[in-house]
Amino acid sequence: MAKAPVNVTVTGAAGQIGYALLFRIASGQLLGPDTPVKLRLLEIPQAVKAAEGTAMELEDCAFPLLQGIDITDDLAKAFDGTNVALLVGARPRTKGMERGDLLQANGGIFKPQGRAINDHAADDVRVLVVGNPANTNALIAQANAPDVPAERFTAMTRLDHNRALSQLAGKLQVPVSEIRKMTIWGNHSATQYPDLFHTEVNGKTAAEQVEQEWLRDTFIPTVAKRGAAIIEARGASSAASAANAAIDHVFDWVNGTPEGDWTSAAIPSDGSYGVPEGLISSFPVVSRDGRWEIVQGLEIDAFSREKIDASVAELAEERDAVKELGLV
Ligand SMILES: NC(=O)c1ccc[n+]([C@@H]2O[C@H](COP(=O)([O-])OP(=O)(O)OC[C@H]3O[C@@H](n4cnc5c(N)ncnc54)[C@H](O)[C@@H]3O)[C@@H](O)[C@H]2O)c1
Ligand SMILES: O=C(O)C[C@H](O)C(=O)O
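Residues numbered from 1 in each chain as written. Chains lettered and ligands numbered in written order. Predicted model: local features only at pLDDT ≥ 70, side-chain atom pairs only at ≥ 80, totals over all residues. Heavy atoms only, no water.

The name given to the protein in an unreviewed UniProt entry is Malate dehydrogenase, with Streptoalloteichus hindustanus as the source organism. In its Catalytic activity (unreviewed entry) section, UniProt records this for the protein: "(S)-malate + NAD(+) = oxaloacetate + NADH + H(+)". (UniProt positions renumbered as here; feature names shortened; annotations may be inferred.)

Peer 1: Account for the site of ligand 2, with residues named and values stated.
Peer 2: Contacts to ligand 2 come from Asn132, Arg163, His188, Gly227, Ile231, Ser237 and Ser238. In this structure, His188 approaches ligand 2 through a side-chain N or O atom, which is 2.6 Å from an oxygen atom. Alone, ligand 2 offers 270 Å² of accessible surface; in the complex the protein occludes 74% of this. Of the residues contributing to the shell around ligand 2, the split by class is one nonpolar, five polar and one charged. (Near = heavy atom within 4 Å. Polar contact = N/O pair within 3.5 Å; in protein donor to acceptor, adjacent residues only side chain to side chain. Areas by Shrake-Rupley, 256 points an atom, 1.4 Å probe, with all protein chains shown as cover. Nonpolar A, V, L, I, M, F, W, Y, C, P; charged D, E, K, R; others polar.)

Peer 1: Can you break down the site of ligand 1 residue by residue, with the values?
Peer 2: Lining the immediate surroundings of ligand 1 are 23 residues, of which Gln16, Ile17, Glu43, Val130 and Asn132 lie closest. Contact distances for ligand 1 include 3.3 Å between a nitrogen atom and a backbone N or O atom of Gly12. Between ligand 1 and Asn132, the relevant distance is 2.8 Å, taken from an oxygen atom to a side-chain nitrogen or oxygen of the residue. Surface burial for ligand 1 is 81%, taken as the share of its 860 Å² of free accessible area covered by protein chains. When contributions to the shell around ligand 1 are tallied by element, the ones reaching two or more residues are helix H1 (16-26) and helix H4 (99-120). (Helix = DSSP H or I, 4+ residues; strand = E, 2+ residues; numbered from the N terminus.)

Peer 1: Explain H1 to me, and be specific about the residues and the numbers.
Peer 2: Buried within H1 are the following residues: Ile17, Gly18, Leu21, Leu22, Phe23, Ile25 and Ala26. Those residues of H1 that are buried lie in contact with strand E1 (6-11), strand E2 (37-42), helix H2 (48-60), strand E3 (66-72), strand E4 (84-87) and helix H9 (240-255). Positive backbone phi, approximately 105°, marks Gly28, located one or two places after H1. (Buried < 20%, exposed > 50% of the residue type's maximum accessible area, 1.4 Å probe, protein only. Contact = heavy atoms within 4.5 Å.)

Below, the structure written as structure tokens:
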């Protein structure tokens, strides 16, 4: 029997990431080659026409799995019955903007979106927040959706994870496919901690195969500041690689992670590894039966502890700031 279509909502659909993402969703790369999709594109009123243009192009691809496209600036319509919500549209930081202003502006987006997901989404809704500051935007949306299990709200650190894989593969001159168990801890920001102490390459720990100076002074800052380096080079933030990471995140969440490996995702902490419960922090995770689980039992040495704590402290500060603003 043919599968029922899955409703996928993409916010910020007329933006750069939206343009790199929508065609891949419609072609079956988000959920798999047997799953039909219906797209809901949410935009602000000024960008609805541009989203309509993208929808025309989607039609022109004649994707066999694409069973419909709705374009709207109405939250209730955008999230009505949605099974997968990709929250991409966000307010970028502009010149002279303080961090509090940025959090406030994004609260104005993610608070009502959280409420709309609460009131209109399907019972099995899964949410991935891409728009920055992604972890805290996810926290805002989750806090405003009390009827949806908290674990359904996640933020994207898969791009950082993929960046870390590529940097390490280049250093060791191995294919990315030979690397297992990479981890990004903490916030999707420059404080994130890409951890090589549990990563395996050809059955050996990656940290033992690289110089400690390279790990500390090149690898960690290169991965953590890659987003800024892309902006510097392109004059715009990463788009195709961000869309690719969003596809990877949702595909693995729905279909499971391969045996013998794990990935990275920012999910609500259950207190594991000393990360305060409720913070949406990146962890080593596996997906089993459609749910993320934090990989347990990893030994954390003093170097890693300090790095994880610094990023988690930043997340706690952001949470306190949005609490003060009444957003969570
Ligand atoms: N987590 C990550 O790894 C990662 C990586 C790259 C980019 N990002 C972030 O993703 C976000 C989007 O990036 P982009 O390059 O697509 O930006 P963009 O400016 O090209 O597009 C953003 C789109 O969002 C729309 N938008 C704004 N407010 C909206 C709202 N309330 N509802 C619906 N749509 C709204 C805008 O009209 C615009 O079309 C940014 O916040 C960026 O910093 C995150
Ligand atoms: O948009 C940004 O600030 C950078 C982005 O989050 C990235 O990691 O590429």
